[in-house]
Amino acid sequence: MSDSVASPAIVEKVIAQKVIEWHRHHGRHDLPWQRTPTPYRVWVSEIMLQQTQVTTVIPYFQRFMERFPDLVTLADAPVDDVLHLWSGLGYYARARNLHSAAVVIRDEHGGRFPEAIDAVEALPGIGRSTAGAILSLALGQSHPILDGNVKRVLARYHRVDGWPGRTAVARRLWELAEAHLPERDARAWTQGMMDLGATVCTRSRPDCEHCPLADGCGGHASGEPERWPGKKPKKARPLRKTRMLMPVAEGRVLLQRRPPAGIWGGLWAFPEVEDSPAAWSRTRFGLEPEATETWASLRHGFSHFELEIQPIRLDLPSRPETVADTNSEWFPLDHPPEVGLAAPVSKLLDQLRRRH
DNA sequence: AAATCGGGGGG
DNA sequence: CCCCCAGATTT
C-alpha cells in the first residue's frame with residue numbers, strides 16, 4: 001500500500017474520467033443484457049457472469065430470458081425448471097438463490113425489483129458487489145463494486161499488498177473503490193472497470209501499453225504488475241497417517257476394493273489397519289502371522305492433505321479362504337493385477353514383487 | 001496440477 | 001474473524 005485514500009478528490013476524478021472515456025471507445029456496449037438493461041436482466045447476467053465467461057453466458061442468458069421473460073414468471077416457475085436451464089453452467093446453488101430471491105421479490109416487493117441498495121443486498125445470492133453492479137448498470141445509481149476484475153485493477157494501481165480474501169485487504173480495496181467512484185456516469189464507470197480488468201489488466205500478461213491508467217499505476221511503474229493482487233497463501237496440507245497391511249501368502253497378495261465414494265473410490269488397495277497386524281490376522285483369518293516386516297513409510301499428496309503411509313508386510317503360513325467377501329481378492333504377485341490401483345499401492349506392489 | 005470466481009455458512 | 005465450499009475454465 002503506497003497511496004493514500006486521502007489524496008485529493010480531484011485526482012480520483014481524473015481516474016474515473018479516464019476509465020469512462022476508455023469505455024466509450026473500447027468497452028462492450030452490445031451484449032444482450034446491455035440492450036435492455038432492466039434490473040432483472042442485469043441481475044441474471046451478473047449471476048451467470050460470476051462463474052462463466054461472456055461468450056458462454058450469451059446463449060444461456062437468451063434461453064433463460066425466453067423461458068423467464070420477467071421476474072414474476074421466474075418466481076412462479078418450479079425451481080426444477082430453473083435448474084434445467086442452468087444445467088451446464090454449474091454452481092446450482094446460484095440458480096436456487098436466483099429463484100428464491102425472485103420469490104422474495106414477488107411476495108415482499110410487489111414483483112418489482114427493489115431499488116434501494118440495502119434491500120437488494122438482502123436478497124439471497126446477492127452481496128455488496130453484485131448489488132452495486134445491478135443498481136449502477138441498470139439504474140445508473142452510484143455504488144462501488146468489487147468483483148475480481150476491479151480488485152485486480154485497484155490492487156495493481158495502488159499496489160495493495162496481500163491476498164484480497166483477507167478482511168483487511170478487502171476493506172482497503174473497498175475504500176479505494178469508494179474513493180474512485182464518480183458521482184455521474186455510474187454505468188460507464190462500473191462497466192469500464194469490469195471491462196478493463198477483463199481485457200487489459202488481465203491476471204497474467206496485462207497489456208499495460210493499451211491501458212488508460214498506465215500513467216499513475218503503481219504496478220506498471222514497478223515493472224511487475226503481476227505481483228498484485230497477492231495470491232492466496234497455500235496452506236500446508238495437513239498430514240494424515242495410515243498403516244497399510246500387505247498380506248502375502250503362497251505367492252499372492254491380498255487387495256481390497258475401496259468403497260465407490262471417497263479417496264481412491266472403486267480402486268484396489270491394501271487393507272488399512274488400526275490395530276496390530278497380528279491382531280488383524282487373527283481376527284480376519286484366525287491365523288498367526290509367520291512374519292511381519294515394517295517398511296519405510298512413503299508419502300502421497302492429495303489436493304487437501306498429505307498421506308503418510310506406513311507399509312507393513314504380513315506373511316501368512318497359508319492362503320486363507322476369503323469367504324463371502326467379493327471386495328477382497330488374492331492377486332498373484334508375479335505380475336501387476338489388471339485392476340484400478342491407487343498410485344502408492346502400485347508402487348508398493350512393485351517393491352513387493354522385487355523383494356519376493 | 002493449480003488458481004480462480006462472489007456469496008453463504010459454520011466454527 | 002477465518003476457513004471451506006461449489007464446479008468449471010484458464011493458465
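Conventions used here
- Along each chain, residue indices are assigned from 1 in the same order as the chain's sequence is written.
- Lettering for chains starts from A, numbering for ligands starts from 1, and both go in the order in which the items are written.
- Local features in this predicted model are restricted to residues whose pLDDT is 70 or higher, and side-chain atom pairs enter the listing and the counts only when it is 80 or higher, whereas totals over whole chains, interfaces and linings include all residues.
- Excluding hydrogens and water, the side-chain values take into account all heavy atoms of the structure.
- Note on terminology: near, applied to a residue and a molecule or strand, indicates that one of the residue's heavy atoms is within 4 Å of it.
- Throughout this description, a polar contact denotes any pair of N or O atoms lying within 3.5 Å of each other; where both atoms belong to protein, one of them has to be capable of donating a hydrogen while the other can accept it, and for residues adjacent in sequence the pair is counted only when both atoms sit in side chains.
- Lys, Arg, Asp and Glu make up the charged group, whereas Ala, Val, Leu, Ile, Met, Phe, Trp, Tyr, Cys and Pro make up the nonpolar group; the residues left over, Gly among them, are polar.
- By the criteria applied, helices consist of DSSP H or I runs no shorter than four residues and strands consist of E runs no shorter than two, each listed in order from the N terminus.
- Centres within 6.5 Å are what make two rings of Phe, Tyr or Trp a pair, Trp counting through its six-membered ring; a difference in plane orientation under 30 degrees is then read as stacked, over 60 as edge-to-face, and the rest as tilted.
- Burial status follows relative accessibility: with a 1.4 Å probe on protein chains alone, a residue under 20% of its type maximum counts as buried, one over 50% as exposed, and anything between as partly exposed.

Participant: Explain the protein's contact with DNA strand C here, please?
Facilitator: Around DNA strand C there are nine residues in total, and Q53, Y91, Y92, T167 and K235 lie nearest to it. Sugar and phosphate atoms constitute 58% of the interface atoms of DNA strand C, taking the interface as everything within 4 Å of the protein. A distance of 2.5 Å is found between a phosphate oxygen of DNA strand C and a side-chain nitrogen or oxygen belonging to T167. Grouping the constituent residues of the surface near DNA strand C by class yields two nonpolar, four polar and three charged.

Participant: It is not clear to me how the protein's contact with DNA strand B should be interpreted in this structure. Could you clarify?
Facilitator: Inspection of the region around DNA strand B gives 18 residues, with R94, G125, T130, D147 and G148 positioned closest. Among the atoms of DNA strand B lying within 4 Å of the protein, the sugar-phosphate backbone contributes 75%. Between DNA strand B and R94 there is a distance of 2.5 Å, counted from a base nitrogen to a side-chain nitrogen or oxygen. Of all the elements in the fold, those that place two or more residues in the surface near DNA strand B are α7 (92-108), α9 (128-139) and α10 (148-157). Here the residues of the surface near DNA strand B sort into four nonpolar, seven polar and seven charged.

Participant: Can you help me understand the packing of aromatic side chains in this one?
Facilitator: Geometry of an aromatic ring pair is reported as the spacing of the ring centres plus the angle between the planes. Tallying each qualifying case throughout the model produces eight aromatic pairs. Between F64 and W86 the ring centres are 6.1 Å apart and the planes differ by 75°, which places this aromatic pair in the edge-to-face class. Highlighted residues: F64 in helix α4 (residues 54-67) and W86 in helix α6 (residues 79-86), separated in sequence by 22 residues. On the accessibility criterion, W86 (0% relative accessible area) is buried. Between F285 and W330 the ring centres are 6.3 Å apart and the planes differ by 40°, which places this aromatic pair in the tilted class.

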